[in-house]
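Observations on chain architecture
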Amino acid sequence: MRFGILGAVEVWDDDGEPISVGGPRVRALLAFLLLNAGKVVPPELLIDGLYGEEPPAGAANALQSQVSRLRRGLRGLAEVELLPAGYRLTAGRDEIDSQRFAALAESAGRESGERRAELLGEALELWRGAALADVPEARGQALRLEEARIAAQELRAETLMDLGRHAEVVAELRELVEAHPLRERLRALLMRSLYGSGRQAEALEAYERARRMLADELGADPSKELADVHLRILRAEPEPGPPVAPVGKGPGPRLPAQLTSFVGRDEELDRIEGLLGASRLVTLLGPGGAGKTRLSIEIGARLGGEVAFVDFAPLAAGSGQDLLAQAANTALGLREVGVLPAGQRAEPVERLTAALADRDLVLILDNCEHVVAEAAVFAGGLLTACDRLRVIATSREPLAVTGETLWPVRQLAVPPERAPFEEAAGAPAVRLFTDRAAAVRPGFAVTEDNLGAVVRICSSLDGQPLAIELAAARLRTLTAQEVADRLGDRFRLLSRGDRSKNPRHQTLRAVVEWSWGLLAEEEQVLSRRLTVFTGGFTAAAAETVCGADEDVLLDLADKSLIVRGADGRFRMLDTIAAFCAEKREETGEGKRLRDAHAAHFLAFVTEANDHMRTAEQIVWLDRLTAEHGNLSAALNWAAATDLELALRYVDMLSAYWWLRGNRSEGAAVANTLLAKLGGVPLPGFEEEYVACVANLALGSIPAPALPDMIRRSDTVLNTLGRALHQPFLLAMWALAAGPPDDYGDRMEEILEARHDQFAHEPWGLALMKLGIGFMNLFSSNDDDAESHLWQALAEFGALGERWGMTQTQDALATLFENTGDLERALALREEALVLIRELGTGADTAEMLMRRADILLLQDRTADARDGFRQAEEVARRSGSMGVLADVHRGLGDIALGEGDLAAAQDRYEQALEDCPPRWYSAELVARCHLGLARVARGRGDAEAARRHVGTAEAAVADYFFNKPIHDAAEEILAGLD
């Protein structure tokens, strides 16, 4: 073949190497001649094709020039003849891919069966892409060729299905339907291919999608062809099946028929199918109930051809090779006669090997875990003797056979927290629950009202298919919310399953108990001890807390009792953990393990605290976040059993809670511990007491005794006389307690009282400069403030401590905002925003977005400011930052006021006041809202209301540094009234 137009226009020399014949015009000319190969093409038609309806002057001469270039480019591979009626290309039909395609397609129409499929496959392999892809002038001819291509694809798919090879064409037909959604014949073929592959539910779903699309797009009903296929599927009329060669005298191999739809693993099917193309043994690994069996059956159905399913579950542990082979012989329909010559009797393994020696077959070996050693020898022997055999095994641990490829079968994906409704309802785990629930409660569907309960069920059950199916079955008598509420006793709740299944798959407890029974004694011991961890663990932690031997730990991972993530951390699924925790409590080890767990993680957070004020801050914050579940569990245990230990935890975790925005968590536990302390410090734990008060003050929990505790804590800090174990407490305390009385006049006295707490490390010295800068800023000493703030920024930067840098940049931005240098203020806020996002603190990110939007509004960039406030609002809602949400309402109120929408502005200001948390630094927000309301009142001509709001604003900040900017704004409003 020399010429190609089924793709970009190509020319190949005698060695099959592509050659260039010229630029776009020359290739377009060649394309028109190839489309009419052997025929004379009038010059007028070529000119129209090349130049359209308005050819340039001298088009005939231009055509002759293009013909000359083409002749040179062809290098004698074909001639372009000039005849009285026009031009003709002398290439033969077999030299042009489009001509060969047409010939092969025509021949295929005269054949049937395998020969037709082969001819059509050969024809379609000629295509390299869209026809005439680089010749837009030939769009009409390209569409004609594409139509012929689709017709050939349809005929080939139909031919293969007539041969029973439905699974082979599913993927191709899906792509074609996606590319040609209005072509109903393709949709009918796709439905047939799915149905013939044993995927009836998907076939029906494909029809429903087609019906909705036709109604929405065209207002039409499905064609008769689509409707007929739909009806045949509903009636369960059989599709043509593959010819099966006789094996012995028994029935041929077949896959177990499935009574339910298959949900949520399409991508896995594609990946595993690809693995089977490269490996002859693929083992699906996972715990009981993960869906390994169903997945293996679906793969077998998709592969087409001969597939045999062998279930080893009925065999006893330690069953020999003959019993495994006999199970396979039975599945294949093999008898002792018909394989070897009469008079000879073969052993089961020999009969099986002889039957499979020259056969293309996929053998599924299901439930290998209790005979794993025997299954490994069995599979390895068959694969060695039968070079056309492929094996899919399902097990809870690898077979450990040379050439084995492992595929861990993970839980079905559960939607993330706060996912939009459509995303959550479409998550595979939720889809499976919905599907199975609808089977026992017709009409059940996920709604906004029950989505939370359904997601909670799926999450609590780790996305494990069997557990989700058992939970969905309870909807016969319970609501989704009732099922979710009862999952604390999951083994009792999920105790009624499919009576037709193997007993160990009928209840959740039976599934886990089976796995437990397969463990060695040392594996059982470690399994129950590992349940002391919450949210995963490292090998080092398991060794310290549980005395874990690394080999035993890895054995548990191999046996799917625990899962090892890409980060090297291990995790036990919640259902398995619940079972093993019962075993742990039976041994009386619970208290000892929890004490060891709490001691280990206190040492961990103490070590992390030393890195919180360095360039390693992000790394250690991520490590603490990874251990968040363990830290919470350890702290809760300490709070219930050891008050002193709990106080140490609060002190050491304060920086983490603050930097990662987990402030409500710190406030809740602090409130509990302060109640136990009666609101007074425990001797020797004064710093820890202050940490509790600071966390409570910065949280959102109302505490009537908080003012007294703040005064008591301030005295404690002033008299402590040593460096703090938790230096971040100094920064937190400044926000919790607010500026000291007469801070402007007493600055040196205040710093002297706290000198020992600041000056023991570089970070403390930088923080002290930041504090001095803030105090000068509060007192409107701008020059001194700027000097100290730049020093603090340099020192925090030298340490690589991002939080200190962001606070200093924000203070500098406030200074420049007050002095009218908005560009510098905006640049500093944007730099701070980058660092805050690295810290991963939602609350601080929301606040900085809000402050940045304020500057944009001052620059009259109203649209950008509105977007900024909206972003801040979204982040604040996700992080539960009520103070920022209130300030966002204030900012949007400022925008509405500027646009003259007084009603909207008033609504926003009043909402901000309602949401504003009762903190000292909320006084500025309160004042700004009342100033906004004063402007609204002024706009309506209500001078009395305006003056009242101005007075409230000034009173709110009378004791704080905010009073000057608020007072200036108040004067401006009052002047407008006068």
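The structure under discussion appears in the preceding block.
My aim in this report is to walk through the structure given alongside it, one point at a time. (Residues numbered from 1 in each chain as written. Predicted model: local features only at pLDDT ≥ 70, side-chain atom pairs only at ≥ 80, totals over all residues. Heavy atoms only, no water.)

Buried within helix H25 (residues 550-558) are the following residues: Val 552, Leu 553 and Leu 556. The buried side chains of H25 occupy one side of the element, clustering within an arc of 105° when seen end-on. Among the exposed residues of H25, those pointing more than 90 degrees away from its buried face are Glu 550 and Asp 551. Buried residues belonging to H25 abut helix H23 (521-530), helix H24 (539-546) and strand E12 (570-571). Structurally, the start of H25 carries an N-cap: the backbone nitrogen of Asp 551 is 2.9 Å from a side-chain oxygen of Asp 549. (Buried < 20%, exposed > 50% of the residue type's maximum accessible area, 1.4 Å probe, protein only. Helix = DSSP H or I, 4+ residues; strand = E, 2+ residues; numbered from the N terminus. Arc of directions from axis to C-beta. Contact = heavy atoms within 4.5 Å. Polar contact = N/O pair within 3.5 Å; in protein donor to acceptor, adjacent residues only side chain to side chain.)

Using the criterion set out here, one finds eleven aromatic pairs in the structure. With a centroid separation of 6.4 Å and an interplanar angle of 80°, the aromatic rings of Phe 533 and Phe 601 are classed as edge-to-face. Of this pair, Phe 533 sits in the loop between H23 and H24 while Phe 601 is found in helix H27 (residues 590-609), placing the two residues 68 residues apart along the sequence. Summarising the burial analysis for this pair, Phe 533 and Phe 601 share the class buried. An aromatic cluster is present here, built from Phe 533, Phe 537, Phe 570, Phe 601, Phe 604 and Trp 620 joined pairwise through their rings. The side chain of Arg 623 reaches across the aromatic face of Trp 620, ending 4.5 Å from its centre. Lying over the aromatic face of Trp 658, Arg 663 brings its terminal NZ or CZ to 3.6 Å of the ring centre. (Phe/Tyr/Trp six-rings, centres within 6.5 Å; stacked < 30°, edge-to-face > 60°. Lys NZ or Arg CZ within 6 Å of the ring centre and 35° of its normal.)

Across the seven residues that make up strand E9 (residues 389-395), a large majority, six, are buried. For strand E6 (residues 281-285) and E9, the ladder comprises five bridges, and the chain directions are parallel. Looking at E9, one finds that Thr 283 is bridged to Ala 393. As defined by bridge partners, strand E8 (residues 361-366) adjoins E9 across five bridges and the pair is classed as parallel. Bridge assignment links Val 362 to a residue of E9, and that residue is Arg 390. Handedness of the crossover is the feature at issue here: the chain leaves E8, passes through helix H15 (residues 372-385), returns alongside E9, and the resulting connection is right-handed. (Pairing = 2+ DSSP bridges. Right-handed = clockwise from strand over helix to strand, strands pointing away.)

The first and last C-alpha atoms of helix H5 (residues 113-124) sit 17 Å apart over twelve residues, in line with the 16 Å expected at 1.5 Å per residue. Turning to H5, its buried residues are Ala 117, Leu 119, Leu 120, Gly 121, Ala 123 and Leu 124. The secondary structure elements touched by the buried residues of H5 are helix H4 (97-110) and helix H6 (139-162). (Expected span 1.5 Å × (residues − 1).)

The subject of this paragraph is the pairing of strand E5 (residues 86-89). In the sheet, strand E4 (residues 80-83) pairs with E5 via four bridges, with the strands oriented antiparallel. Note that in E5 the partner of Val 80 across the bridge is Leu 89. Connecting the antiparallel pair E4 and E5 is a turn made up of two residues.

Where helix H8 (residues 184-196) contacts helix H9 (residues 200-218), the two axes come as close as 7 Å, and the packing angle between them is 160°. Of the possible angle classes, the one that applies to H8 and H9 is roughly antiparallel. In terms of crossing hand, the pair formed by H8 and H9 is left-handed. In this structure, H8 uses Glu 184, Arg 187, Met 191, Leu 194 and Tyr 195 to contact H9, whose residues at the interface are Gln 200, Glu 202, Ala 203, Ala 206, Tyr 207, Ala 210, Met 213 and Leu 214. Counted by class, the contact of H8 with H9 contains nine nonpolar, one polar and three charged residues. (Axes fitted to C-alpha atoms, helices over the stretch in contact; angles between N-to-C directions. Parallel < 35°, antiparallel > 145°, perpendicular 65-115°, else oblique. Left-handed = near helix turned anticlockwise from the far one by under 90°. Nonpolar A, V, L, I, M, F, W, Y, C, P; charged D, E, K, R; others polar.)

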